[in-house]
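Read off the chains here:
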Amino acid sequence: MIIKAPEDRDVMAAADVIRDAAVQLREAGIETPEHDAKLLLAEAAGVELRDVDKALLMGEELGTAEQLARFQSMLARRAKREPLQYITGHAPFRYLDLKVGPGVFIPRPETETVVQVGLDWLTRNGMIHPRVVDLCAGSGAIGLSVVSEVPGSQVWAVELSPNTAEWTRRNLSETAKKYPSIASNYHLEIADATSFATLAQLDGTVDIVITNPPYVPQTDIPEQPEVRDWDPELALYGGSMDGTLIPERIIERACRLLKPGGALVMEHDVTQGDRLVAFARATGFAAASTGQDWTGRDRYLFAVS
């Protein structure tokens, strides 16, 4: 709620609040200080981003003294390079708003492309009740997007970390409030996604595997503190110097899960395309190619069994 209260000395004009906050974030090395400041103010005040923009445009004040105190607390956390999504407690992904926090990988926009490729393949092949597997589920972004966007789909999700799986369950519960039917169509298993024993009962029956496994090369430690210091290492690094060890094991697992003609869509590092295409073909996939993300960089493997 936007509040005009010139008599309240504890409340400043929104423009002054954002200006001072942006200075603090810029000094901390944040690349988008004004944007982050506006998002945090919107979150603290319980309003939409457009309300903050309107207050800036109209020269209005925004929030109560208590809300502004909360904003300052959130701002201090962001200045220490804690991810914005951990501070707000949620992250957008396609049509979902996912709960996130320490211990779960924050879903990225490039993964939305990976999901879209999988959904487009299902549509082209006229699959009404597809069997879908999401290996390395994390927040549940991939599997929950599929099960909520493809009515009648059955999704099995695998997550190794019990702590991370708590976030998956939380997001399943929240998503089911909007899409009640998914509660019985989404199945979460806490297990090793690379193990042939995991989901063995589905071998040879799955239509598509869509996955974003850990793939960052161990020689390529991220420079951004938000990634390096906060993202769970288990969800980040691919298990080898070039980061392909876990992705290759995922390819092997997917090859067994898929029925003849089934598809694998797997996100990977921009340096790994050629190697993973060759590995998929050597593993037994009939066709394999590399796809690009919205920036034109090699981003995912698409393979057909």
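Residues numbered from 1 in each chain as written. Predicted model: local features only at pLDDT ≥ 70, side-chain atom pairs only at ≥ 80, totals over all residues. Heavy atoms only, no water.

- Going by what an unreviewed UniProt entry lists, the protein is known as Release factor glutamine methyltransferase and is assigned to Bifidobacterium breve DSM 20213 = JCM 1192.
- What the UniProt record of the protein gives under Catalytic activity (unreviewed entry) is the line "L-glutaminyl-[peptide chain release factor] + S-adenosyl-L-methionine = N(5)-methyl-L-glutaminyl-[peptide chain release factor] + S-adenosyl-L-homocysteine + H(+)". (UniProt positions renumbered as here; feature names shortened; annotations may be inferred.)

## Side note on the sheet that holds strand β7 (residues 258-267)
In any sheet, the strands associate via hydrogen bonds between backbone groups, in a parallel or an antiparallel arrangement.
So, step 1. Here we have 7 strands laid out as an open sheet, ordered β5-β4-β3-β6-β7-β9-β8, and mixed in their pairing. For this open sheet the edge positions go to β5 (186-190) and β8 (287-292), each flanked by a neighbour on one side alone. Sheet twist, expressed as the mean angle between neighbouring strand axes with direction ignored, is 15°.
So, step 2. Note that β7 and strand β9 (residues 298-304) share 5 bridges and pair antiparallel. (Pairing = 2+ DSSP bridges. Helix = DSSP H or I, 4+ residues; strand = E, 2+ residues; numbered from the N terminus. Axes fitted to C-alpha atoms, helices over the stretch in contact; angles between N-to-C directions.)

## Here's the deal with the pattern of salt bridges
Close approach of charged atoms lets side chains of opposite charge pair.
So, step 1. Tallied over the entire structure, the rule returns 19 salt bridges.
So, step 2. Between Glu174 and Lys177 there is a salt bridge whose closest N-O contact spans 3.0 Å. Within this pair, Glu174 and its partner Lys177 are both found in helix α8 (residues 162-178), separated by 3 residues, close to a single helical turn.
So, step 3. Taking the shortest distance from any N to any O, the salt bridge between Arg297 and Asp293 comes out at 3.8 Å.
So, step 4. With relative accessibility at 6%, the residue Asp293 sits in the buried group.
So, step 5. Counted as one network, the salt bridges with shared partners bring together Asp36, Arg78, Arg81 and Glu226. (Salt bridge = Lys/Arg side-chain N within 4 Å of Asp/Glu carboxyl O. Buried < 20%, exposed > 50% of the residue type's maximum accessible area, 1.4 Å probe, protein only.)

## Structural notes on the pairing of strand β4 (residues 154-159)
So, step 1. Most of β4 sits inside the fold, with 5 of its 6 residues counted as buried.
So, step 2. Both strand β3 (residues 131-135) and β4 contribute to a ladder of 5 bridges, which runs parallel. Note that in β4 the partner of Leu135 across the bridge is Val158.
So, step 3. Handedness of the crossover joining β3 and β4 through helix α7 (residues 141-149): right-handed.
So, step 4. Sheet topology note: the β4/β5 ladder contains 5 bridges and is parallel. What sits directly across from Ala157, in β5, is Leu188.
So, step 5. Taken together, β4, α8 and β5 constitute a β-α-β crossover, and its handedness is right-handed. (Right-handed = clockwise from strand over helix to strand, strands pointing away.)

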